[in-house]
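Residue-level listing of the chains:
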Amino acid sequence: MSENPGPRVRFAPSPTGYLHVGGARTALFSFLLARHAGGTFVLRIEDTDRARSSEEMTRSILDSMAWLGLDFDEGPHHQADGLERHRANALRLLENGAAYRCFCAPPEPGRSAGGETELCGCGRIPDDEAEGRAEAGEACALRFRVPAGETSWEDAVHGRRAVENEHVTDFVLLRSDGTPVYNLAVVSDDIEMEITYILRGDDHLSNTPKQIMLYEALGATLPTFAHVPMILGTDGKRLSKRHGATSVGAYRDQGILPEALFNFLALLGWSAGDDREIMDAAELIKAFSVGRILKKSAVFDPEKLTWLNRQHIERMPIDRLVELARGPLEEAGVPAAFIEASPERVLEVLDLVRERGNTVAAVALQAAPFLRDEIAYEPEAVARFWKRPAEAAELLRAVGYRLSTLDDFEPASLEPVIRQLASDKEVGAGKVIHPLRVAVMGTGVSPEIFAVLSLMGRERTLERIQQALGYLDAMASAKLAETGEPPAPDEEGQ
């Protein structure tokens, strides 16, 4: 066990599915608590449900945690490895009278093994009779004998909680086949691993009184419990697949950055106590306290996650952005050899367009026109801004001429030239800027056009204007052949 003096906090997922955002938030809060307090973060895989557990899901959970940066200090421990200890704990409770043999038939499929026992009289069977029946081979489970009185605890989120024990039925510890039920296994494991702080979702509140009874019956020290409210969708209902992606892996595949999801999950039901929203892991670790976890449910807002992702893209070190964008740039048609040979060029372009995408892939699409030799014109942009190809060509020829005379290709020098051309032509600046943007970028939107031209450079800018003129001349000829009439003048702003 760790010698750290701080709390020992565990995250205990079941490998029956992918790591969803609710579980990821529990893991993240546990991680932040352990790191803030100088404690130990323990990972335990609760895989006693052999029929539904899989190695694939275990690997997926571990991969998702690693991607998010949730590094554990101990583990992964496997609950299935503690089966004999679980049984030994149950038999110990049987020996001291805290449990009894139950000869009732197992529950029907779909009903809890710890279910209704109002009609069960097995707890009144004399010990010697029950033992004899078991030795004779009669199938039996072990049930916990719920004591009279009240079970209470001080929840770190909700404050004092109490349950009258008369409302808790005797619950199963071991099934008739000798396998442990959840409450026994988890308490046995937490005692063995010396867990001192259990942070989990509100859906476990009903288990807590039973687990406290087991701690007390086994003579173990109670951990601190903290139950975190559920995560809801924007419709106010519990988050589920109907609200869209719910697994960590799905958001990774959508282009969400790990630091953005880390930041977002931390703010789901917790606040730093100030106006900060954009925080990195170090800031969150420093600021985290269980006392600032909210009692009310948190709402999962996909738009907020997208916004945070964009903020982290804008703030990340440019060299990391270059590395992340490498694959998307290649997919967008930028040769790998060019990326390798011209890292500073790639860096400059990404730094210009990084504020224009919600994902790294979207940023790469903005950057690609600067970096690839071929130019592809978006049909929508052509239809809108080159609607009258002859007129667009006339403007671009004038732009090309004036830009070719410039010695200084910085934005401050380019802007007055373009605006003066528009004035001379007695059109709005947009009438020149929009066709020019399509010519040099192939798109209808881009960063500020003068910064684009400057970064594109004189040679490539003029080259792309010439390519556009060839394209426009072909368009004009095709239109003339189709209609038999020269194109009509364009309207302002079209």
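Cut-offs used in this document
- The residue numbering used here restarts from 1 in each chain and proceeds along that chain's sequence as written.
- In keeping with the model being predicted, local features are shown solely for residues with a pLDDT of at least 70 and side-chain atom pairs are shown and tallied solely at 80 or more, while totals for entire chains, interfaces and linings include all residues.
- Based on all heavy atoms of the structure, the side-chain values leave hydrogens and waters out of the count.
- A pair of cysteine sulfur atoms is labelled a disulfide when the two atoms are within 2.5 Å.
- Only DSSP runs of H or I covering at least 4 residues are called helices, and only runs of E covering at least 2 are called strands; the numbering of each starts at the N terminus.
- Given a helix with a known number of residues, its expected span is that number minus one, times 1.5 Å.
- Accessibility here uses a 1.4 Å probe with only protein chains present; expressed as a share of the type maximum, an area under 20% marks a residue as buried, one over 50% as exposed, and anything in between as partly exposed.
- Exposure above 30% relative accessible area and no salt bridge define the residues that can form patches, which grow by joining like charges within 9 Å and nonpolar side chains of Val, Leu, Ile, Met, Phe, Trp and Tyr within 5 Å.
- Computed with the Shrake-Rupley method and a 1.4 Å probe, the accessible areas treat only the protein chains shown as cover for residues.
- A side-chain nitrogen of Lys or Arg and a carboxyl oxygen of Asp or Glu constitute a salt bridge if their distance falls within 4 Å.
- His is not counted, nor are the chain ends; Lys and Arg add positive charge and Asp and Glu add negative charge.
- A charge is said to be at NZ when it belongs to Lys, at CZ for Arg, at CG for Asp and at CD for Glu.
- A pair of strands is treated as paired once DSSP finds two or more bridges between them.
- For the handedness criterion, the strands are oriented away from the viewer, and a crossover whose path from the first strand over the helix to the second runs clockwise is classed as right-handed.
- Helix axes are fitted only over the stretch in contact, all axes being lines through C-alpha atoms; the angle between N-to-C directions runs from 0 to 180 degrees.
- With respect to orientation, any angle under 35 degrees is reported as roughly parallel, any angle over 145 as roughly antiparallel, any angle of 65 to 115 as roughly perpendicular, and every other angle as oblique.
- Put simply, a crossing is left-handed when the front helix is turned counterclockwise from the back one by less than a right angle, and right-handed when it is turned clockwise.
- Contact between two residues is taken to exist if any of their heavy atoms lie within 4.5 Å; hydrogens are not considered.
- Under the convention adopted here, Pro, Cys and the residues Ala, Val, Leu, Ile, Met, Phe, Trp and Tyr are nonpolar, Asp, Glu, Lys and Arg are charged, and Gly plus all remaining residues are polar.

1. Quick notes on the state of the cysteines
Link 1 in the chain: Counted under the stated rule, the structure contains zero disulfides.
Link 2 in the chain: Left without a disulfide partner, Cys102 is nearest to the cysteine sulfur of Cys104, which lies 3.7 Å away.

2. Details of helix H16 (residues 389–404)
Link 1 in the chain: Over its 16 residues, H16 runs 22 Å from end to end, which matches the ideal 22 Å to within 8%, given 1.5 Å per residue.
Link 2 in the chain: Taken as a whole, H16 has its buried residues at Pro389, Ala392, Ala393, Leu395, Leu396, Ala398, Val399, Gly400 and Leu403.

3. Some details on a negative patch on the surface
Link 1 in the chain: Among the surface-exposed residues, Asp127, Asp128, Glu131 and Glu135 lie close enough to one another that they form a single negatively charged patch.
Link 2 in the chain: Relative to the helices and strands, Glu131 resides in helix H4 (residues 127–135).
Link 3 in the chain: Residue classification places Glu131 among the partly exposed positions, given a relative accessible area of 37%.

4. Some thoughts on the pairing of strand E2 (residues 40–45)
Link 1 in the chain: Among the six residues of E2, six are classified as buried, and the element is accordingly described as predominantly covered.
Link 2 in the chain: Burial along E2 is two-sided: Thr40, Val42 and Arg44 and Phe41, Leu43 and Ile45, pointing in opposite directions, are all buried.
Link 3 in the chain: Examined bridge by bridge, strand E1 (residues 8–11) and E2 share four bridges and lie parallel to one another. Bridge assignment links Arg10 to a residue of E2, and that residue is Val42.
Link 4 in the chain: As for the winding sense of the linkage, the β-α-β connection from E1 through helix H1 (residues 21–36) to E2 is right-handed.
Link 5 in the chain: Here E2 runs beside strand E3 (residues 74–78); their pairing, made up of three bridges, is parallel. From the neighbouring strand, Val42 faces E3, where its bridge partner is Glu74.
Link 6 in the chain: As for the winding sense of the linkage, the β-α-β connection from E2 through helix H2 (residues 55–68) to E3 is right-handed.

5. Description of the packing of helix H13 (residues 343–353) against helix H14 (residues 360–371)
Link 1 in the chain: As a packed pair, H13 and H14 sit with axes 9 Å apart at the nearest point and diverge in direction by 130°. Viewed along their axes, H13 and H14 adopt a mutual orientation that is oblique. Once H13 is placed against H14, the crossing between them reads as right-handed. Contacts between H13 and H14 involve Arg345, Val346, Val349, Leu350, Leu352 and Val353 from the former and Val363, Gln366, Ala367, Phe370 and Leu371 from the latter.
Link 2 in the chain: Within the contact of H13 with H14, the residues separate by chemical class into nine nonpolar, one polar and one charged.

These values are about where atoms sit, not about what they do.
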